[in-house]
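# A closer look at the structure
This is what each chain is made of:
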Amino acid sequence: QYEVDLKLLRGINVSTSKYDMGEKAVSFDLPKLANEPCWKRLTRSKKMQAFIKKDSQRLYPEECHRQMLQWREAYFYRKLHPEEDGSSEESSKVSRDEEKKNFEEQLMELRKKAIPRKSRKKKSKSGLNEL
C-alpha cells in the first residue's frame, strides 16, 4: 500500500481525478479546479521533485497559451472596469461584517454559559526536590 502527500500549487477537482498504477510508475490525472492557464509547476515548493515527471504526450502548448490570453483579458478588464464589479464587492464586505458581528455575539453567549475554571497552583522545581 502506497501513499502520496503533495502540497499542490492550486486546487484540483478531486471528484474527477484519476490514477493508474503501472509496473514501474503511478500516473495521476489531476484536472484543475479553475479554468486558468497552465501551471509552471505542480507543487508549492519551487524545488524540483525527482519523482514527479511531466507526461510529454499530454502537453498542449496552444491550449495553455489560449487559456493564458483569456485569463489575462478577464483580469485586466476587471482592473480597468471596477465599477461593474464593485457592487458585488460591497455586498460581500457587508456580509463579512454581519458574519463577524454574529460570530462575536455567539462567542459572548457561549462565554456567559461557560463554567469558570479553577486556577491550579504550579509546582515549583524546588518543591519537587524537597519531597
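Calculation criteria
Residues numbered from 1 in each chain as written. Predicted model: local features only at pLDDT ≥ 70, side-chain atom pairs only at ≥ 80, totals over all residues. Heavy atoms only, no water. 1 Å grid on protein atoms, 1.4 Å probe; cavity = no way out; pocket = protein on both sides within 12 Å on 5 of 7 lines; lining within 4 Å. Points joined across faces, edges and corners; volume = space filled by probe spheres on them. Helix = DSSP H or I, 4+ residues; strand = E, 2+ residues; numbered from the N terminus. Nonpolar A, V, L, I, M, F, W, Y, C, P; charged D, E, K, R; others polar. Patch = residues over 30% accessible without salt bridge, like charges linked within 9 Å, V, L, I, M, F, W, Y side chains within 5 Å. Areas by Shrake-Rupley, 256 points an atom, 1.4 Å probe, with all protein chains shown as cover. Salt bridge = Lys/Arg side-chain N within 4 Å of Asp/Glu carboxyl O. Pairing = 2+ DSSP bridges. pLDDT = per-residue confidence, 0-100. Phe/Tyr/Trp six-rings, centres within 6.5 Å; stacked < 30°, edge-to-face > 60°. Buried < 20%, exposed > 50% of the residue type's maximum accessible area, 1.4 Å probe, protein only.

### Re the layout of surface pockets
Estimates place the volume of the largest pocket at around 2100 Å³. Lining the largest pocket are 48 residues; nearest its centre among them are Phe 28, Asp 29, Leu 30, Leu 42 and Lys 53. Those elements that place two or more of their residues in the lining of the largest pocket are β1 (18-21), β2 (26-29) and α1 (61-80). When the residues that make up the lining of the largest pocket are grouped by side-chain class, the tally is 24 nonpolar, 8 polar and 16 charged. Looking at the second largest pocket, its volume works out to about 330 Å³. Forming the boundary of the second largest pocket are 14 residues, of which Arg 10, Pro 37, Cys 38, Trp 39 and Lys 40 lie nearest the centre.

### A look at a nonpolar patch on the surface
A contiguous nonpolar patch, built from Tyr 2, Val 4, Tyr 19, Met 21, Val 26 and Phe 28 and spanning about 720 Å² of accessible area, is present on the exposed surface. Of all the elements in the fold, those that place two or more residues in the nonpolar patch are β1 and β2. Of note, Val 26 is situated in strand β2.

### With respect to the pairing of β1
Pairing of β1 with β2, which is carried by 4 bridges, proceeds in the antiparallel orientation. Each residue of the ladder has a partner; that of Asp 20, found in β2, is Ser 27. Counting the residues between successive antiparallel strands, the hairpin from β1 to β2 contains 4 residues.

### Some points on the confidence of the model for the chain
Looking at the chain as a whole, its pLDDT mean stands at 79, while 84% of the residues score no less than 70. Confidence scores differ between elements of the chain, with helix α3 (residues 125-130) showing the lowest mean pLDDT of 55 and β1 the highest of 87.

### Focus on the packing of aromatic side chains
Two numbers describe a pair of aromatic rings. These are the distance of the centres and the angle of the planes. In the structure shown here, the tally under the stated rule is 3 aromatic pairs. Ring geometry for Tyr 19 versus Phe 28: centroids 6.4 Å apart, planes at 40°, classification tilted. According to the relative accessible area criterion, Phe 28 is partly exposed, its value standing at 44%. Ring centres of Tyr 75 and Phe 76 lie 5.1 Å apart, and the angle between their planes is 80°; on these two criteria the pair is classed as edge-to-face. We classify Phe 76 as partly exposed; its relative accessible area is 45%. Put simply, the rings of Trp 71, Tyr 75 and Phe 76 pair up and form one aromatic cluster.

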